[in-house]
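# Topology and contacts: notes
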Amino acid sequence: MKLLTKISILATSVALAACNGDDGQNGTDGKNGQSSFVLQTVVQPGHAVCANGGIQIDSGLDKDGNGKLDAGEITSTTHQCKPTKTSLSQSDLLTNANNNWYVQSAKSVEDAKQMALKANNERGGAKNVILFVGDGMGVSTVTAARIRDGQNKGMKGEENNLSFDKFPFAGLAKTYNVDAQTPDSAGTMTAMISGVKTDVGVLGVDEDIERGNCTTVSGNELVSAIELAEIAGLSTGVISTARITHATPAATYAKSADRNWEDISDMPDAAKTAGCKDIADQLVNFETNLEARYDGLDVDGLEVVMGGGRRHFLPKDAAANSPDARSDIEGDRTDGRNLVNEWKAKYPNGDYVFEDDGFRAINPETAERIFGLFNESHMQYEADRSNDVAGEPSLTDMTEKAIKLLDNNDKGYMLVVESGRIDHGHHAGNAYNALEDTIEFSEAIEKAVRMTNPEETLIIVTADHSHVFTIAGYPKRGNPILGKVVAIGKTEPEKAADDKPYTTLGYTNGRGFMDLGAETDADAGYDQDIHAGRADLTDVDTTTPGFHQEAAVPRSSETHAGEDVGIYAKGPSAQLVSGTNEQSIIFHVMEHAIDLINKAETKLKP
Ligand SMILES: [Zn+2]
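Residues numbered from 1 in each chain as written. Predicted model: local features only at pLDDT ≥ 70, side-chain atom pairs only at ≥ 80, totals over all residues.

### Some remarks on the overall build of the protein chain
Rules: Strands here are runs of E lasting at least two residues and helices are runs of H or I lasting at least four, both read from the DSSP assignment and numbered beginning at the N terminus. Values of the radius of gyration come from C-alpha atoms, whereas the globule rule sets the reference at 2.2 Å times the count of residues to the power 0.38. Three classes are used. A residue is buried when 20 or more other C-beta atoms lie within 10 Å of its own, exposed when 12 or fewer do, and partly exposed in between, with C-beta atoms placed from the backbone.
Looking only at helices and strands, the protein chain has 17 helices and 21 strands in total. Expected size for 606 residues packed as a compact globule is a radius of gyration near 25 Å; at 35 Å, the protein chain overshoots this value by more than 25%. With respect to the principal axes defined by its C-alpha atoms, the protein chain has extents near 125 × 60 × 45 Å. In the protein chain, which comprises 606 residues, the share counted as buried stands at 45%.

Below you can see the structure in the form of structure tokens.
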């Protein structure tokens with residue numbers, strides 16, 4: 001900025017000229033004298049003379065009468081510098097300090113300081129551990145669900161927090177399997193629950209296994225945190241909205257050369273002949289199998305088991321169907337065994353339930369144990385739950401009941417809670433269900449936080465892996481997360497280079513665009529043709545439950561992604577979750593928190 005001030009007046013010039021007796025410098029018309037100019041220039045901080053900036057004042061006579069002070073006409077230069085400050089005054093920061101973003105972030109740092117001071121590094125500082133696993137809940141899923149949840153509550157959304165967004169400690173997990181860049185749930189959950197990374201598709205065994213080869217299991221079995229907790233005398237529980245024999249929950253209790261061996265009909269003859277047991281069998285016989293491995297060990301088995309997957313426990317016989325069976329023959333088992341009945345015989349004081357009424361009737365303060373199998377296959381998507389034949393509890397309901405039952409044990413408990421269907425919503429290419437299940441997962445975590453004492457319970461929230469799910473384009477703040485991209489200042493959707501609108505959410509691969517309207521079951525998309533690539537969404541409501549996002553690469557189902565996932569923690573030892581880690585760190589944080597190995601060892605050598 002330049003301030004050019006003509007401060008002289010003619011008389012002055014004339015007078016000066018007269019005094020000097022030198023009229024040769026007067027204007028040609030004899031009455032206009034030379035003008036004296038002062039040129040003020042603002043100089044920026046860092047200036048050679050004014051280190052903090054200020055004003056440079058150049059003055060001189062406009063000798064050539066061109067109405068401006070040229071460089072050669074400057075006869076004097078002075079500066080008015082801003083004062084040099086040696087400290088920040090309050091007023092310097094006033095603009096920042098009056099800003100809510102500033103205030104909020106400063107408070108977060110203050111809170112973090114307090115949390116760091118209170119951090120409990122003591123081995124065995126925790127009595128209980130709850131591990132929440134959002135299957136397929138990558139960071140983009142967390143962000144989109146946070147926005148969706150906020151928008152469901154009438155907020156713009158981006159400023160919202162899911163329950164675990166507020167956890168004081170977080171880190172990242174590298175999710176690759178030993179033999180794969182992009183992992184599956186079997187290898188990843190084995191890493192989390194046993195502290196050992198392993199191959200894709202195998203449960204509770206190390207990388208020396210050959211997937212699908214039963215004879216390679218022996219000698220490569222790992223011990224899981226659930227098993228150690230059981231040996232240590234803690235109460236134990238496993239919950240999932242997927243089949244309870246599915247990879248994530250199964251990694252807590254089973255050793256299997258293949259995650260797909262959910263019941264005996266899924267196993268090759270060679271595996272059966274070689275003596276491998278199916279996963280459902282290993283669940284029902286968890287107590288017996290664990291005791292068989294350690295001389296003199298007496299444990300009481302899993303107190304809480306809830307999820308879907310009834311078909312793997314029932315014989316392939318219509319007579320064994322549950323009252324709410326969907327298939328003509330619900331059971332898959334080809335060995336004639338009814339594992340639900342075997343469980344009831346083993347635990348006559350336990351409660352087996354298959355629907356919501358039975359679930360609600362259980363008093364967790366007095367119940368000894370619960371075995372809930374609420375669906376033939378996976379439990380419903382949360383958005384589709386009201387369509388269940390006989391009614392199902394939500395993940396939050398199951399978490400609440402589990403904690404109430406497990407905390408009857410003074411020694412503490414270990415609970416694993418999986419939201420299994422975030423993953424399935426994504427595989428189907430349907431963000432609506434993936435996000436609604438993530439929100440329900442967040443609610444379940446919130447419930448657990450409210451029900452437990454932060455001084456004695458470590459809660460870890462993480463995902464096994466991510467999905468090829470993105471939040472894209474430049475939508476304006478508060479744009480519906482399931483909507484089409486509308487830019488800042490606009491009301492109509494942006495057009496891509498192909499002149500068609502596009503959604504914020506999308507997938508790199510999968511079945512692609514589908515408009516199934518009010519359909520709340522994402523899996524209905526598997527009955528539709530694959531439609532990868534672009535569609536004209538001009539007249540499509542992309543915010544409906546049945547909208548399936550576009551996908552670039554056609555595939556029979558959308559895939560996992562290989563990037564890191566978040567680990568969020570609160571409670572004793574939570575501060576050990578920091579930085580970027582191999583996923584197997586999660587076992588070791590839990591182990592440290594409740595001194596699991598020592599407690600189990602003490603129990604084995606009384
Ligand atoms: Zn998956």
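### Here's the deal with the sheet that holds strand 9 (residues 351-353)
Condition: In this analysis, strands are considered paired if DSSP registers two or more bridges between them. Fitted lines through C-alpha atoms serve as axes, helices being fitted only where they are in contact, and the angles separating the N-to-C directions of these axes extend from 0 to 180 degrees. For the purpose of contact definition, each residue receives a C-beta atom placed from its backbone, and two residues are in contact when these atoms lie within 7 Å.
On the basis of which strands lie adjacent, the open sheet formed by 10 strands has the order 9-10-8-7-11-5-12-20-6-21 and mixed pairing. Pairing within the sheet leaves two strands with one partner each, and these edge strands are strand 9 and strand 21 (580-582). On average, each strand axis in the sheet is tilted by 15° relative to the strand beside it, whichever way the strands run. Of the strands in this sheet, strand 5 (128-134), strand 11 (413-419) and strand 12 (457-463) are in contact with helix 15 (residues 431-451), which crosses strand 5 at around 170°.

### Observations regarding the domain arrangement of the protein chain
Under the convention used in this document: Segmentation into domains, and thus their bounds, comes from an automatic or database assignment.
Here the protein chain is partitioned into domain 1 (120-468 + 559-604) and domain 2 (484-558). With centres defined by C-alpha atoms, the gap from domain 1 to domain 2 works out at 31 Å. Elements that contribute at least two residues to the side of domain 1 that touches domain 2 include exactly helix 14 (421-427) and helix 15. The greatest single-element share of the side of domain 1 that touches domain 2, amounting to 4 residues, is contributed by helix 14.

### With respect to the packing of helix 16 (residues 585-594) against helix 17 (residues 596-604)
Selection criterion: Angle categories are assigned with fixed cut-offs, so that under 35 degrees is roughly parallel, over 145 is roughly antiparallel, 65 to 115 is roughly perpendicular, and the rest are oblique. Residues are grouped as follows: Ala, Val, Leu, Ile, Met, Phe, Trp, Tyr, Cys and Pro are nonpolar; Asp, Glu, Lys and Arg are charged; all remaining types, including Gly, are polar.
Between helix 16 and helix 17, the least distance of the axes is 6 Å, while the angle of their chain directions is 60°. For the element pair helix 16 / helix 17, the angle class is oblique. Every residue of helix 17 that contacts helix 16 at Met590, Glu591 and Ile594 is listed here: Leu596, Ile597 and Lys599. Across the contact of helix 16 with helix 17, the residue classes break down as 4 nonpolar, no polar and 2 charged.

### Side note on unusual backbone geometry
At aspartate 499, a residue that is not glycine, the phi angle is positive and equals roughly 70°. Within the secondary structure layout, aspartate 499 lies in the loop between strand 14 (469-471) and strand 15 (505-510).

### Comments concerning the sheet that holds strand 15
Read across the open sheet, the 3 strands follow the order 14-15-18; overall the sheet is mixed. Since the sheet does not close on itself, it has two edges, and those belong to strand 14 and strand 18 (551-554), each with one partner. Sheet twist, expressed as the average angle between the axes of neighbouring strands with direction ignored, equals 20°. Pairing analysis gives 3 bridges linking strand 15 to strand 18, with the strands arranged parallel. By the bridge assignment for strand 18, asparagine 509 is matched with valine 553. Where helix 4 (residues 139-152) meets the sheet, its contacts fall on strand 14 and strand 15, and the angle it forms with strand 14 comes to roughly 50°.

### Here's the deal with the pairing of strand 6 (residues 169-174)
The pairing of strand 6 with strand 20 (residues 565-570) spans 5 bridges and is classified as antiparallel. What sits directly across from phenylalanine 169, in strand 20, is alanine 569. In terms of strand pairing, strand 6 meets strand 21 through 3 bridges, oriented parallel. Residue pairing for strand 21: alanine 173 is matched across the bridge by asparagine 581.

### Brief notes about the packing of helix 4 against helix 15
Angle between the axes and distance between the axes: these two values describe a pair of packed helices. Where helix 4 meets helix 15, the closest approach of the two axes is 9 Å, and the angle between their N-to-C directions is 80°. When the interaxial angle is binned, helix 4 and helix 15 end up roughly perpendicular. Residues Thr141, Ala144, Ala145, Arg148 and Asp149 of helix 4 lie in contact with helix 15, whose contacting residues are Ala431, Ala434, Leu435, Thr438, Ile439 and Ser442. Across the contact of helix 4 with helix 15, the residue classes break down as 6 nonpolar, 3 polar and 2 charged.

### Remarks on the environment of leucine 516
In this structure, leucine 516 sits in the loop between strand 16 (514-515) and strand 17 (547-548). Among the residues examined, leucine 516 registers 19 C-beta atoms within 10 Å and is labelled partly exposed. Expressed as a C-alpha distance, the spacing of leucine 516 and histidine 548, which sit 32 residues apart in the sequence, is 7.7 Å. Each residue touching leucine 516, except ones within four places of it in the same chain, is listed here: Ala524, Gly525, Gly546 and His548.

### Some remarks on the nonpolar core
Filter applied, for reference: In this usage, the nonpolar core is the set of buried Ala, Val, Leu, Ile, Met, Phe, Trp, Tyr and Cys residues whose C-beta atoms join them within 7 Å.
By size, the foremost hydrophobic cluster in this structure holds 126 residues, and its most contacted members are Val304, Ile460, Ala569 and Met590. The leading source of residues in this core is helix 15, at 9 residues. Looking at this core, you find at least three residues from each of domain 1 (120-468 + 559-604) and domain 2 (484-558). Excluding anything up to four places from it in sequence, valine 304 contacts Gly237, Val238, Ile239, Arg369, Ile370, Ala402, Leu405 and Leu406.

### With respect to helix 3 (residues 100-118)
Selection rule: Multiplying 1.5 Å by the residue count of a helix minus one yields the expected span of that helix.
Across its 19 residues, helix 3 extends 27 Å between first and last C-alpha, which sits within 8% of the 27 Å expected from 1.5 Å per residue. In terms of burial, helix 3 is largely open, as just 0 of its 19 residues are buried.

### Focus on the environment of alanine 225
Inspection of the secondary structure assignment puts alanine 225 in helix 6 (residues 225-231). A residue is classified by how many C-beta atoms lie within 10 Å of it, and alanine 225, with 26 of them, is buried. In the structure, alanine 225 is positioned 14 residues away from arginine 211 in sequence and 23 Å away in space, judged by C-alpha atoms. Excluding anything up to four places from it in sequence, alanine 225 contacts Ile193, Met414, Phe587, Met590, Glu591 and Leu596.

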